[in-house]
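Reading the structure
So you can see what is in the structure, the chains are spelled out below.
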Amino acid sequence: MTTTTAAPPRRPVLARIRTTSSPLYLLCLGLVTVIVLVALLAPWLAPHPPNAVDLGNALAGPSGDHPFGVDASGRDTLSRLVIGARTSLLGPLGVVVFSTVAGVAVGATAGWRGGWLDSLLSRSSELVFAFPGLLLAILIVSIYGDGLTAPVVALGVAYLPYVSRLTRSLVLAERERLYIEAYRVQGHSSLQICLRHVIPNIAPVVLAQSTINFGYALIDLAGLSFLGLGVPPLTPDWGRMVFDGESAIQSGYPLSAILPCVAIVLTVVAFNVVGEHWADQVARRDR
Amino acid sequence: MSFLRFAVRRLAEMAATLLAASFVIFGAMYLAPGNPASFLLSGRSATPEAIKAIDDQYHLNDPFAVQYLRWLGNVLHGDFGRSIEYRTSVSSLLVARLPSTLLLVAMALVLVLVVGLALGWISSVRGGATDSTVLVATAFAVGTPSFVAAVLLQGLFSVRLHWFPSSGSGTGFVQMLWHLTLPAVALALYLIGMLARVTRSAMLEAMGHEHVTVARSRGVPENRVIRRHVFRNSLGTVLTMGGLIVSTLLICTVLVESAFSVNGIGQLLDLSTTTKDFPVVQAISLIIVGLFMTVNLVVDLLHPLVDPRVTLGTRGSAT
């Protein structure tokens, strides 16, 4: 900590995450951009309706009309991949938004207020840590049945302590800095300082953590779909596609299962690399 | 603080957290829409006998606190109730499926420890191109969900190459080892990557310590420096991952056992979730959470013995 004397300069979050040119990072950043664009533009990109069944053509290999072939029900694999990007990314996005907003609120309260509230929140995090995310999601699905909302909330709760613990420690460090006192002297209220200055200052680190969480949430939700849980049966979804394609693998037609596998791995790796790079950069800046 | 007092305090903390976890797992069924009896019987014929059986098992007419305490008391006696789907005791279902899961998790654990530690060691000691290769490989290992690994391994090594059986868990120890090799690799992959990365950074950090420089300058052979001063130093960090490793292995058996049709506890959790056989889901959840806490407790108690620099209670109060 070198800049404890004055209010730290406030620049937009993304500008503070400076990029040194690591080729792997740039590649992954490009990949993330492409994947997000595909999900956004999916209805215009998909060549066929994702649920158009053509049993006569089942498991046909790649052709001009179906560049990635079709699955066991004759549905176009490329279209299902493209449309499936939406469900596969929307779920983790929900998890990350929920866990970030709630986690920052909880962590900032614990760090800023301290006292019994802090110990209560720490104890509850201990409890949540004991439940692996996938277990919490399975538990909630066994109660509510199919649907994406319940598992997304369950995973949001499972990921919350990771964000709140990080936020708490960042807020504790930030609270000691002199600019806080300066604002206090100028008559700003605690809440004002926390919302306007502390949280924007810690945002880059939290954002980096949430990006990494996105990849893990995708893994958990895809796993749930692979079990045939969560996402309703006909919805195109990468995890579900692996589940649907598994029997085709056994009979020697692996393409319709391998492609969603590749999509999942590339997406998770890309988000992880980008998130870790950001975390690295912010840590280096603060050193 | 004496070791005994520390141990007693950690034990009490664990008991309190476990109690809270059991409350969550039991209370979860009250989150279900409708009344618990109809939830527990969902999708099955609600004959008067069935309703009575459910009533007897959960004492649904009693106040909530009484139901919970009675359930907890039974669990403490090893009685997890009766499966609604299979109409037999949950414990007997679990015991029948225990061998496959136990062997699978043990095999995966050995793989994680041996390969994970070795990769972390090589990566940090060799540096350069080896390090970069390991970093990229582990990035992919960490990004590959266990079910994806399972499906890909199955497609390549059993369907295409016929090296391994594609499903089931076999009978007899050798057959079981044979059947569970691919599932164990799939289960271990993510944690191998994770452990390799943690070991690597812990060893790199230890290499920067003064005592390592001193040992080298005294002419201690490099091999011995790495083994005695660097690797041993980083073991503490690895130890703190113990609980996470065990609970991740256990929960991921649900994916891997389903992919390979291994009739273990993970597959039972999958089936029970699909059929809404809630007593079974409750029992398996409680076991996974309980094991996570037990391993963490053991780690906390062992850590100061393994690494004298760790003072009692630093980890417990840090979080």
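Predicted model only: the values in this text are computed from it and were never measured.

How two helices sit against one another is set out by the angle between their axes and by the gap between those axes. Residues and elements named next belong to chain B. Between helix 5 (residues 90-126) and helix 10 (residues 222-239), the shortest axis-to-axis distance is 12 Å and the interhelical angle comes to 130 degrees. With respect to each other, helix 5 and helix 10 are oriented oblique. Relative to helix 10, helix 5 is oriented so that their crossing is right-handed. Side by side, helix 5 and helix 10 meet where Leu117, Trp121 and Val125 of the first sit next to Ile226, Arg227, Phe231 and Val238 of the second. The class makeup of the residues in the contact of helix 5 with helix 10 is six nonpolar, no polar and one charged.

Residues and elements named next belong to chain B. Put simply, chain B has an average pLDDT of 84, and 96% of its residues get 70 or more. Of all helices and strands in chain B, the one with the weakest mean pLDDT is helix 14 (residues 314-318) (43), whereas helix 5 scores best (91). Long-range and interchain partners of residues 315-319, a stretch whose pLDDT sits below 50, account for six contacts in this model, where long-range means more than four residues apart.

How big an interface is tends to be expressed through the accessible area that disappears when the partners come together. Contact with chain A, which involves 41 residues of that partner, is made by 48 residues of chain B. Roughly 3,800 Å² of surface becomes buried between chain A and chain B when both sides are summed, with 75% attributable to carbon and sulfur atoms. Summed over the three residues of chain A that lose the most area to chain B, namely Leu135, Ser142 and Ile143 of chain A, the buried surface amounts to 15% of that side. In this structure, Arg123 of chain A and Glu13 of chain B form a salt bridge, with 3.8 Å as the shortest nitrogen-oxygen distance. Remark: the boundary between chain A and chain B carries one residue pair in polar contact (both at pLDDT 80 or more). A per-element tally of the side of chain A that touches chain B places helix 10 (residues 255-286) of chain A first, with 10 residues. The residue makeup of the side of chain A that touches chain B, split by class, is 29 nonpolar, seven polar and five charged.

Turning our eyes to something else, we now look at the side chain of Ser234 of chain B. Relative to the helices and strands, Ser234 of chain B resides in helix 10. In contact with Ser234 of chain B, other than residues within four places in its own chain, are Ala202 and Met203 of chain B.

Further remarks concern the packing of aromatic side chains. Across all of its chains, the model carries 14 aromatic pairs over all chains by this definition. Seen in terms of ring centroids, Phe129 of chain A and Tyr162 of chain A are 4.9 Å apart; in terms of plane orientation they differ by 85 degrees. Their pairing is edge-to-face. Of the two residues, Phe129 of chain A sits in helix 4 (residues 115-129) while Tyr162 of chain A sits in helix 6 (residues 149-175), which places them 33 residues apart along the sequence. Take Tyr162 of chain A: its relative accessible area is 31%, and that puts it in the partly exposed class. Aromatic side chains Phe214 of chain A and Phe271 of chain A sit 4.2 Å apart centroid to centroid with 25 degrees between the ring planes, which places their arrangement in the stacked category. Residue Phe214 of chain A is located in helix 8 (residues 190-226), and its partner Phe271 of chain A is located in helix 10; the two are separated by 57 residues in the primary sequence. Each residue in the set Phe23, Phe26, Phe64, Tyr68 and Trp71 of chain B is aromatic and connected to the rest through ring pairs, giving one cluster.

Attention now moves to a nonpolar patch on the surface. A grouping of Leu24, Leu27, Val262 and Leu266 of chain A together with Val136 and Phe140 of chain B is seen on the molecular surface, where their side chains present a nonpolar patch of about 490 Å² in accessible area. Of all the secondary-structure elements, those providing two or more residues to the nonpolar patch are helix 2 (23-45) and helix 10 of chain A together with helix 6 (128-143) of chain B. Topologically, Leu27 of chain A is positioned in helix 2. The class for Leu27 of chain A is exposed, based on a relative accessible area of 60%.

Among the structural elements, Thr17 of chain B can be located in helix 1 (residues 3-27). Owing to a relative accessible area of 16%, Thr17 of chain B belongs among the buried residues under this scheme. From its side chain, Thr17 of chain B meets the backbone oxygen of Glu13 of chain B in a polar contact 2.8 Å long. Apart from the residues lying within four places of it in its own chain, the contact partners of Thr17 of chain B are Glu126 and Leu127 of chain A together with Met293 of chain B.

The rules behind the values
Residues numbered from 1 in each chain as written. Chains lettered and ligands numbered in written order. Predicted model: local features only at pLDDT ≥ 70, side-chain atom pairs only at ≥ 80, totals over all residues. Heavy atoms only, no water. Axes fitted to C-alpha atoms, helices over the stretch in contact; angles between N-to-C directions. Helix = DSSP H or I, 4+ residues; strand = E, 2+ residues; numbered from the N terminus. Parallel < 35°, antiparallel > 145°, perpendicular 65-115°, else oblique. Left-handed = near helix turned anticlockwise from the far one by under 90°. Contact = heavy atoms within 4.5 Å. Nonpolar A, V, L, I, M, F, W, Y, C, P; charged D, E, K, R; others polar. pLDDT = per-residue confidence, 0-100. Buried area = accessible area lost by both parts, 1.4 Å probe. Salt bridge = Lys/Arg side-chain N within 4 Å of Asp/Glu carboxyl O. Polar contact = N/O pair within 3.5 Å; in protein donor to acceptor, adjacent residues only side chain to side chain. Phe/Tyr/Trp six-rings, centres within 6.5 Å; stacked < 30°, edge-to-face > 60°. Buried < 20%, exposed > 50% of the residue type's maximum accessible area, 1.4 Å probe, protein only. Patch = residues over 30% accessible without salt bridge, like charges linked within 9 Å, V, L, I, M, F, W, Y side chains within 5 Å. Areas by Shrake-Rupley, 256 points an atom, 1.4 Å probe, with all protein chains shown as cover.

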